[in-house]
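# Fold and contact review
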Amino acid sequence: MAEVSGRRPSSTKPSGLRWRILALVGLGTVVNSLDRNTLGVLAPLLKDQLGFSTEQYSFIVAAFQISYGVMQPAAGFLTDLIGLRTGYCLFALVWGSACALHALAGNWQAMAAFRGLLGLGEAAAIPSAVKTSTLWFPPKERSIATGWFNTGSSIGAMIAPPLVVWLSLTWSWQVAFVVTGLLSVGVAALWWLFYRDPQAHPGLSEAERAHIGADAPRAAPPKPPVKAVVGRRQFWGIAVARFLTEPAWQTFSYWIPLYMVSARGMDIKQFALFAWLPFLAADLGCVLSGYLSPCLSRRFRISLANSRIAGIGIGAVCMVGPGLIGLASSPFAAICLFSLGAFAHQMLSSLPYAVVTDHFAPHELSTTTGLCGMAGNLGGALFSLLIGQLAGRIGFEPLFACLTVFDLVALLVVWLMLGERRPAQPLPAGVAAH
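Named according to an unreviewed UniProt entry, the protein is MFS transporter originating from Methylobacterium nonmethylotrophicum. Quoted verbatim from the Subcellular location (unreviewed entry) field of UniProt, the annotation for the protein is "Membrane".

Written out as structure tokens, the structure reads:
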């Protein structure tokens, strides 16, 4: 959308532009996740065609997770520094190009190198999405906004099995990487054309500006204070929780296909028929988490912060699913338990993004989210390497059970470090809680 000068449209009620902006960032998250999950879907096929072992596959997965995690703070810092429009567009171009380059890999070392480059580009996606939801939504709507954009991760993962398997069987696995990579180049173009911050968007009505609390145009924001961010108790509560919970999503994305084919006897076509179910459940968890927080706050008259933690607690308890995989009597039963785990994980993983917006200023958000993301991806990388070392010896199931324990410990950490101990004040008559 080209910059247009002139008066903003006037209206007596918010126009809904913020939801269209959310749809744009959600589209980016979908394609980002699709690019990321292409490898996991093709893992059984690539393991045969490129001749790598389960241990070497864990190195490929860890290459992405480490580069993604290390780059997230830098990507968040750069996005805070140069602005969302430019930053997100540049990073989308990088990750789309890196995904397409996977088609050139002839061995696991080359595949790991391209995964590392993909991680460098994708690192900006979530910090940018969190900052967008903060700039465009008032506090009472932010958990809803983060829940909706976070569904993009699940939708992309849900689309990946049927689309990627179809592309690989119809043409080749190389074509699957090229097509999914080009989609991200398209996202970069759409973002550049249509995104503006609220202060600069010509289509933002005065009513919606007042609703979201957007300030008048101002000078460039101050430099993100990294030392101040890492010195806060709240930061460490979120970072430790991300370190403990992120292995679950990384496991669902990268190891379910290999497990279902190698340990449960499915072929890649059969897997494509059912692999979308956990990620559909994850979508439901994302959306429910956004509405659950304000609902708990109103119903039980607890603070907004504690309502978010209560939602995390419900998700952590539901993470019992992966712990029971070893008891599943059929591949479909295993998929159902993975689905319960994906629902639970996305419920509890969406809410910490909203918690970040509660405790950090707008010019700190991308930096804070990036640093917490680095902690999460470090946890994911270490757990992937652990799977690579132990799955052949003890099986996958005991490792899946660890995910249940990790999320319960994360809940305890969040409650101890972020929970508000003061009882909520009674609401005045006629005033609704948010």
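What follows picks up the thread again.
## A closer look at the state of the cysteines
In the structure shown here, the tally under the stated rule is zero disulfides. Of the cysteine sulfurs around Cys 99, a residue in no disulfide, the closest is that of Cys 89, at 17 Å. Owing to a relative accessible area of 0%, Cys 99 belongs among the buried residues under this scheme. Between Cys 295, a cysteine without a disulfide, and Cys 318, which holds the nearest cysteine sulfur, the sulfur-to-sulfur distance is 16 Å.

## A short note on the nonpolar core
Here is a general trend for soluble globular proteins: nonpolar side chains tend to be buried in one another's company. Judged by nonpolar contacts, the single largest core of 115 residues is most densely connected at Leu 46, Tyr 57, Met 111, Trp 136 and Met 260. When residues are assigned to domains, this core turns out to be shared by domain 1 (17–207) and domain 2 (224–422), each giving three or more. The residues contacting Met 111, other than those within four sequence positions of it, are Leu 39, Leu 46, Leu 50, Ile 60, His 102, Ala 105, Trp 173 and Phe 177. Grouped together as the second largest cluster of nonpolar side chains are five residues, Ala 281, Leu 292, Phe 343 and Met 347 included.

## Considerations on a nonpolar patch on the surface
Taken together, Leu 78, Leu 81, Ile 82, Leu 90, Leu 93, Val 178, Leu 182 and Val 185 make up a surface patch of nonpolar side chains, about 620 Å² in accessible area. Tracing the sequence through the fold places Leu 90 in helix H3 (residues 84–101).

## Observations concerning the domain arrangement of the protein
Each assigned domain of the protein is listed with its residue range as follows: domain 1 (17–207) and domain 2 (224–422). Its C-alpha centre places domain 1 at a distance of 18 Å from the equivalent point of domain 2. Contacts between the two partners involve 55 residues from domain 1 and, on the opposite side, 53 residues from domain 2. The junction of domain 1 with domain 2 conceals about 4500 Å² of combined surface from both sides, 68% of it contributed by carbon and sulfur atoms. On the domain 1 side of the interface with domain 2, the three residues burying the most area are Gln 65, Ser 143 and Met 158, jointly 13% of the side's total. Counting across the interface, domain 1 meets domain 2 through zero salt bridges.

## What about the confidence of the model for the protein?
Segments scoring low in pLDDT should not have their predicted coordinates read at a detailed level. In the predicted model, the protein carries a mean pLDDT of 85, and the fraction of residues at 70 or more is 91%. In this model, residues 1–11 is a region of pLDDT below 50 whose contacts with residues beyond four sequence positions or in other chains number 23 contacts. Confidence over residues 424–434 falls short of pLDDT 50; this stretch has 11 contacts with residues more than four positions distant or in other chains.

Thresholds, definitions, all that
Residues numbered from 1 in each chain as written. Predicted model: local features only at pLDDT ≥ 70, side-chain atom pairs only at ≥ 80, totals over all residues. Heavy atoms only, no water. UniProt positions renumbered as here; feature names shortened; annotations may be inferred. Disulfide = S-S within 2.5 Å. Buried < 20%, exposed > 50% of the residue type's maximum accessible area, 1.4 Å probe, protein only. Core = buried A, V, L, I, M, F, W, Y, C linked by side-chain atoms within 4.5 Å. Domains from an automatic or database assignment. Contact = heavy atoms within 4.5 Å. Patch = residues over 30% accessible without salt bridge, like charges linked within 9 Å, V, L, I, M, F, W, Y side chains within 5 Å. Areas by Shrake-Rupley, 256 points an atom, 1.4 Å probe, with all protein chains shown as cover. Salt bridge = Lys/Arg side-chain N within 4 Å of Asp/Glu carboxyl O. Helix = DSSP H or I, 4+ residues; strand = E, 2+ residues; numbered from the N terminus. Buried area = accessible area lost by both parts, 1.4 Å probe. pLDDT = per-residue confidence, 0-100.

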